[in-house]
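# Architecture and fold: a report
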Amino acid sequence: MIERISLSSSRAERNAQLRQLFPEVAGVDSVFEGGRAAALQRLRKLDAAAYGRTRNSLDGRVSRLSPYFRHGMLTLHEAADFALTHFKGASYKFVFELAWRDFWRRVQAAYGARIEQSIEPPKVPIGQRELPEDIINAATGLACMDAFARELVETGYVHNHARMWFASYVVHHRKVDWRAAAQWYYGELIDGDRASNHLSWQWIASTFSSKPYLFNRENLERYSDGVYCEQCPAKRRCPFDQSYESLHEKLFSTEFSQ
Ligand SMILES: Cc1cc2nc3c(=O)[nH]c(=O)nc-3n(C[C@H](O)[C@H](O)[C@H](O)COP(=O)(O)OP(=O)(O)OC[C@H]3O[C@@H](n4cnc5c(N)ncnc54)[C@H](O)[C@@H]3O)c2cc1C
């Protein structure tokens with residue numbers, strides 16, 4: 001079947017052909033165009049100063065370069081050099097984030113496949129539940145989490161803050177075994193990278209950090225501009241609508257049944 005797709009055709013033509021050949025496959029055309037030229041084009045659009053100010057917001061000026069790093073179309077050095085040349089000190093935050101990716105890679109080089117298991121004991125009780133269908137199927141009834149799961153499955157790309165909120169919900173609220181969740185998540189990402197993915201899940205779970213990552217409704221609402229909370233069917237019984245102290249107490253004060 002694949003040989004019927006002409007490689008000299010345009011991207012739009014190839015997408016149309018693929019839809020015809022595999023009508024049963026759900027999803028949308030990738031928002032990412034492959035190749036080195038597309039990677040460089042995206043890099044040239046980087047505004048590293050605006051990135052530093054807005055990166056935590058879902059509509060902030062994030063780079064969306066991760067698929068290009070992941071698939072070898074761009075190096076971290078090229079991106080850091082570009083940012084430092086054009087934005088000097090204002091590129092600090094962007095270069096700092098590139099360094100996280102580099103750090104995770106170095107941890108992977110040192111630990112190998114051990115990054116797929118808890119590196120340290122968790123600092124709070126964590127669960128070992130299987131990944132439930134409602135999370136995979138975006139049917140938890142929480143508008144934010146369902147939107148993040150849908151975005152993951154449909155596009156393969158999710159903003160860093162949404163990845164953090166989602167992982168925290170899955171591991172700490174739903175007590176899912178982080179390894180099962182990380183494996184599923186990795187498989188859905190267009191930038192899926194074992195070092196960045198599995199070590200980030202461990203960072204959230206507290207098996208490779210000094211404390212668990214938690215968020216509350218105020219934090220999510222602020223950085224998502226309230227778009228999910230407004231339409232959420234669970235807005236009156238939002239599990240995140242608490243102070244950090246009471247969240248901690250609720251989630252970790254008692255051992256739960258598996
Ligand atoms: C649960 C979870 C799973 C993740 N899984 C992956 C993964 O499989 N592959 C992956 O590339 N990244 C992963 N990340 C890290 C981060 O979310 C993505 O790199 C980032 O969202 C990619 O979007 P961007 O290129 O627009 O990032 P930007 O915010 O524009 O950042 C620029 C670059 O810096 C690096 N970077 C930014 N934030 C991080 C971070 N927290 N950790 C490591 N590197 C970072 C990335 O290379 C990114 O492309 C994960 C984070 C979490 C919390």
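Residues numbered from 1 in each chain as written. Predicted model: local features only at pLDDT ≥ 70, side-chain atom pairs only at ≥ 80, totals over all residues.

Attention shifts here to the overall build of the chain. From N to C terminus, the chain includes 14 helices and zero strands. Seen in sequence order, the chain has helices and strands lined up from the N terminus as α-α-α-α-α-α-α-α-α-α-α-α-α-α. The C-alpha atoms of the chain give a radius of gyration of 20 Å, which matches the 18 Å a tight globule of 258 residues would have. For the chain, the spread of C-alpha atoms along the principal axes amounts to about 60 × 50 × 40 Å. When the 258 residues of the chain are sorted by exposure, 28% land in the buried category. Of the contacts made within the chain by residues no fewer than 6 positions apart, 68% connect residues no fewer than 24 positions apart. (Helix = DSSP H or I, 4+ residues; strand = E, 2+ residues; numbered from the N terminus. Rg over C-alpha atoms; globule rule 2.2 N^0.38 Å. Buried ≥ 20, exposed ≤ 12 C-beta atoms within 10 Å, placed from the backbone. Contact = placed C-beta atoms within 7 Å.)

Okay, the site of the ligand next. Around the ligand, the surrounding shell holds 27 residues, and the nearest of these are Ser-63, Ser-66, Asn-160, Asn-197 and Ser-200. Elements represented by at least two residues in the shell around the ligand include exactly α4 (66-70), α6 (92-111), α9 (160-173) and α11 (194-205). Here the shell around the ligand gets five residues from one element, more than from any other, and that element is α6. Split by residue class, the shell around the ligand holds eleven nonpolar, eight polar and eight charged. When residues of the shell around the ligand are sorted by domain, at least three fall in each of domain 1 (31-114) and domain 2 (133-252). (Near = placed C-beta within 6 Å. Nonpolar A, V, L, I, M, F, W, Y, C, P; charged D, E, K, R; others polar. Domains from an automatic or database assignment.)

As a further point, take the domain arrangement of the chain. In many reports, interface size means the accessible area that the parts give up when they come together. Domains assigned within the chain are domain 1 (31-114) and domain 2 (133-252). Distance between the C-alpha centres of domain 1 and domain 2: 22 Å. Across the boundary between the two partners, domain 1 contributes 16 residues, which contact 15 residues of domain 2. For the side of domain 1 that touches domain 2, the secondary-structure elements that each account for two or more residues are α4 and α6. Take the side of domain 1 that touches domain 2: its biggest share by element is five residues, from α6.

Cys-144, Phe-148, Phe-166, Val-170, Val-171 and Ala-181 are the most contacted members of the largest nonpolar core, which totals 30 residues. For this core, the elements supplying multiple residues, two or more each, are α8 (143-155), α9, α10 (178-188), α11 and α12 (217-223). For this core, the element with the highest residue contribution is α9, accounting for seven residues. Among the nonpolar cores identified, the runner-up in size contains 13 residues, and Ala-39, Tyr-51, Val-62 and Phe-69 belong to it. (Core = buried A, V, L, I, M, F, W, Y, C linked by C-beta atoms within 7 Å.)

In this section: the packing of α8 against α9. Two elements in contact, α8 and α9, have axes separated by 10 Å at closest approach and are oriented at 115 degrees. Here α9 runs roughly perpendicular to α8, going by the angle between their axes. Both α8 and α9 take part in a crossing whose hand is left-handed. Residue-level inspection shows Cys-144, Met-145 and Phe-148 of α8 in contact with α9, the latter providing Ala-162, Trp-165, Phe-166 and Tyr-169. Tallied by class, the residues present in the contact of α8 with α9 amount to seven nonpolar, no polar and no charged. (Axes fitted to C-alpha atoms, helices over the stretch in contact; angles between N-to-C directions. Parallel < 35°, antiparallel > 145°, perpendicular 65-115°, else oblique. Left-handed = near helix turned anticlockwise from the far one by under 90°.)

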